[in-house]
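Each chain is listed here by its residues.
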Amino acid sequence: MMNIIVSIILLILIVTFACLQSLWAGMVYFALSFLCVFCIYWAVVLILKYNEEYKKNFEEDFKFYCISLVNSTDLTLDEIYARRDEYVKSYKKYIRRDKLIDIGKILVALSIACACIVAMCTI
């Protein structure tokens, strides 16, 4: 809920200063700076979410993966835990696409923030 509130406030500020550009051209700097803050905020939020989702909760998510394997195949939990390294490797392959999407989101947010900084320096 906090992310939504912060995002709405920053977006309102961005739109307000972008609309006030016709009064004074310097308002573009304010709009770009708030856009930069918005992107950096979401980059930090996404990095923290990535860390929590793929690092801290790895064992719990791996257990759910093992349970889904047991439910969908003839394997038992004993067989899976006997060859745990192989199944950890297959689980890492299974979540690779989701990790790449999350890393892409972070890179897009950071690249927009960098573009805003460059635009403020060149205007």
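Conventions used here
Residues numbered from 1 in each chain as written. Predicted model: local features only at pLDDT ≥ 70, side-chain atom pairs only at ≥ 80, totals over all residues. Heavy atoms only, no water. Core = buried A, V, L, I, M, F, W, Y, C linked by side-chain atoms within 4.5 Å. Buried < 20%, exposed > 50% of the residue type's maximum accessible area, 1.4 Å probe, protein only. Axes fitted to C-alpha atoms, helices over the stretch in contact; angles between N-to-C directions. Helix = DSSP H or I, 4+ residues; strand = E, 2+ residues; numbered from the N terminus. Parallel < 35°, antiparallel > 145°, perpendicular 65-115°, else oblique. Contact = heavy atoms within 4.5 Å. Nonpolar A, V, L, I, M, F, W, Y, C, P; charged D, E, K, R; others polar. Patch = residues over 30% accessible without salt bridge, like charges linked within 9 Å, V, L, I, M, F, W, Y side chains within 5 Å. Areas by Shrake-Rupley, 256 points an atom, 1.4 Å probe, with all protein chains shown as cover. Salt bridge = Lys/Arg side-chain N within 4 Å of Asp/Glu carboxyl O.

## Overview of the nonpolar core
Residues Phe 62, Tyr 65, Leu 69, Ile 80, Tyr 87 and Tyr 91 are the most contacted members of the largest nonpolar core, which totals 14 residues. Residues Ile 14, Val 28, Leu 32 and Phe 38 belong to the second largest nonpolar core, which totals 10 residues.

## So, the packing of helix H3 (residues 58-72) against helix H5 (residues 84-122)
Between H3 and H5, whose axes approach to 11 Å, the crossing angle comes to 100°. Here H3 lies roughly perpendicular to H5, going by the angle between them. Taken together, the residues of H5 that come into contact with H3 (itself represented by Phe 58, Glu 59, Asp 61, Phe 62, Tyr 65 and Leu 69) are Arg 84, Tyr 87, Val 88, Ser 90, Tyr 91, Lys 92 and Tyr 94. Each residue belonging to the contact of H3 with H5 can be placed in one class, and the counts come to 8 nonpolar, 1 polar and 4 charged.

## Section: the side chain of Asp 102
With respect to the helices and strands, Asp 102 occurs in helix H5. If near-sequence neighbours (up to four positions away) are discounted, Asp 102 is found in contact with Tyr 50, Glu 53 and Tyr 54.

## Some thoughts on a nonpolar patch on the surface
On the surface, Met 1, Ile 4, Ile 5, Ile 8, Ile 9 and Ile 12 cluster together to form a nonpolar patch covering roughly 630 Å² of accessible area. Tracing the backbone through its elements, the reader meets Met 1 in the segment before helix H1 (2-19). Met 1 sits in the exposed class, given a relative accessible area of 74%.

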